[in-house]
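Report on the structure
Residues per chain are reported as follows:
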Amino acid sequence: MGVTLAYDTWGEGPRTLLALHGFTGSGASFEHLKPLLGRSVRVVTVDLPGHGRTPLPDKTGREGFLETVDAVIRLARELGGPVDLLGYSQGARLALAAAVTAPECFGRLIMESGSPGLHRRQERSERREADAKLAGFIRARGVDAFVDRWEALPLFEGLRRLPAPRMAALRERRQACTAEGLAGALECLGLGVQPDYWPSLHRQRLPTLLLTGADDAKFTNLARRMAAELPVVWRHAFTGSAHAPHLEAPEEYVREVLSFLQTPWYEAPQFEPVILAREAAHS
């Protein structure tokens, strides 16, 4: 059966939203959104492998990544899909992979600060080496030393502007991780082992919302590039936010998410049969 994902459920509403957190997070990463989101949507928050209550996959490297994607798809089916899918950073990469692999299991896709992967083999090799070194640092120095190093990255400049209680809760979640869990997650869920999904974007026909912080130039540019490839896509960059808008601008973030989910556009499962019927009519 592969890895089984631990999860919690909260909120109520006609739609189910499966939420995948980022590296060093857990399902609890979305708890601050309960008052804003819980009255409109049933939310299922997952602990990804190596985080919270979910163990690492049986396999390592690329196979471990694909094992985790299979676990997300299996959970969506258990929830009685199609369900909507939201992912942040590491979770966004897994969400895209699941949507590409089994689009029939999902309704709409929301990617926050995500990437389809690295297109060049050399880039993937270099990233695997960097992640392996970081994993070694975590195992040798421990979680607290790693969290100090992680929080100092320029990528998380926006998080350093959070109110003190929210920043303390974020740090507590990070420190609750285990060294082996984080190191193992880098080795099986990292960008270097992820397949390249750029060539699959033009076939990913789920309605997709790409969210970034306007101050995060790298991922905002990635979102622009992805939007040029995806057939059914909307994009929003939050002014004054960087890599984690769900933490930095939660009220505006939830407005964008609910607007996307509640707008009565056509549903993706109806799209492919229409195209096939049209093609059949001309064959």
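For the structure, check the block above.
Notes on the structure follow. (Residues numbered from 1 in each chain as written. Predicted model: local features only at pLDDT ≥ 70, side-chain atom pairs only at ≥ 80, totals over all residues. Heavy atoms only, no water.)

It is worth spelling out the overall build of the chain at this point. A tally of regular secondary structure across the chain gives eleven helices and seven strands. Taking 2.2 N^0.38 as the reference for a compact globule, 283 residues should give roughly 19 Å; the C-alpha atoms of the chain span a radius of gyration of 18 Å, in line with that estimate. Once the C-alpha set of the chain is aligned to its principal axes, its extents read approximately 65 × 40 × 35 Å. The proportion of buried residues among the 283 residues of the chain is 55%. A sequence separation of at least 24 residues applies to 80% of the contacts in the chain between residues at least 6 apart. Averaging the coordinates of the 34 positive side-chain charges in the chain and doing the same for the 34 negative ones gives two points 3 Å apart. (Helix = DSSP H or I, 4+ residues; strand = E, 2+ residues; numbered from the N terminus. Rg over C-alpha atoms; globule rule 2.2 N^0.38 Å. Buried < 20%, exposed > 50% of the residue type's maximum accessible area, 1.4 Å probe, protein only. Contact = heavy atoms within 4.5 Å. Lys, Arg positive; Asp, Glu negative; His and termini not counted. Charge placed at Lys NZ, Arg CZ, Asp CG, Glu CD.)

On to the sheet that holds strand β2 (residues 16-20). Pairing between the strands of a sheet comes from backbone hydrogen bonds, and it takes one of two forms, parallel or antiparallel. Spatial strand order, β1-β3-β2-β4-β5-β6-β7: seven strands in an open sheet with mixed pairing. Edge positions in the sheet fall to β1 (6-10) and β7 (233-238), since each has one partner strand and no second. Neighbour to neighbour, the strand axes of the sheet diverge by 20 degrees on average, direction disregarded. In this structure, β2 lies alongside strand β4 (residues 83-88), joined through four bridges in parallel fashion. Looking at β4, one finds that Leu18 is bridged to Leu85. (Pairing = 2+ DSSP bridges. Axes fitted to C-alpha atoms, helices over the stretch in contact; angles between N-to-C directions.)

Below, the discussion takes up the packing of helix α4 (residues 121-141) against helix α7 (residues 179-189). For the pair α4 and α7, interaxial distance at closest approach is 9 Å and the crossing angle is 175 degrees. As the angle between them shows, α4 and α7 are arranged roughly antiparallel. Contact residues: α4 offers Asp131, Leu134, Ala135, Ile138 and Arg139, while α7 offers Ala179, Glu180, Leu182, Ala183, Gly184, Leu186 and Glu187. When its residues are assigned to classes, the contact of α4 with α7 shows seven nonpolar, one polar and four charged. (Parallel < 35°, antiparallel > 145°, perpendicular 65-115°, else oblique. Nonpolar A, V, L, I, M, F, W, Y, C, P; charged D, E, K, R; others polar.)

This part takes up the packing of aromatic side chains. For the structure on display, the rule yields six aromatic pairs. For the ring pair Phe238 and Tyr253, a centre distance of 6.0 Å and an interplane angle of 35 degrees mean the geometry is tilted. With a gap of 15 residues between them, Phe238 in strand β7 and Tyr253 in helix α10 (residues 250-262) connect regions that are remote in the sequence. Grouped by ring-pair contacts, the aromatic residues Phe23, Phe146, Trp150 and Phe156 constitute a single cluster. Taking the ring centre of Phe260 as reference, the NZ or CZ of Arg108 above it sits at 6.0 Å. (Phe/Tyr/Trp six-rings, centres within 6.5 Å; stacked < 30°, edge-to-face > 60°. Lys NZ or Arg CZ within 6 Å of the ring centre and 35° of its normal.)

By the element assignment, Phe23 lies in the loop between β2 and α1 (34-37). You can call Phe23 buried: its relative accessible area is 13%. Ignoring any residue separated from it by four or fewer positions in sequence, one finds Phe23 in contact with His51, Gln90, Phe146, Trp150, Leu182, Ala185 and Leu186.

Judged by nonpolar contacts, the single largest core of 65 residues is most densely connected at Leu18, Leu20, Phe65, Val72, Leu85, Phe106 and Phe146. In this structure Leu85 touches Leu17, Leu18, Leu20, Val72, Ala95, Ala98, Phe106, Arg108, Leu109 and Ile110, once residues within four positions along its chain are discounted. Residues Trp10, Leu33, Ile110 and Leu258 belong to the second largest nonpolar core, which totals 19 residues. (Core = buried A, V, L, I, M, F, W, Y, C linked by side-chain atoms within 4.5 Å.)

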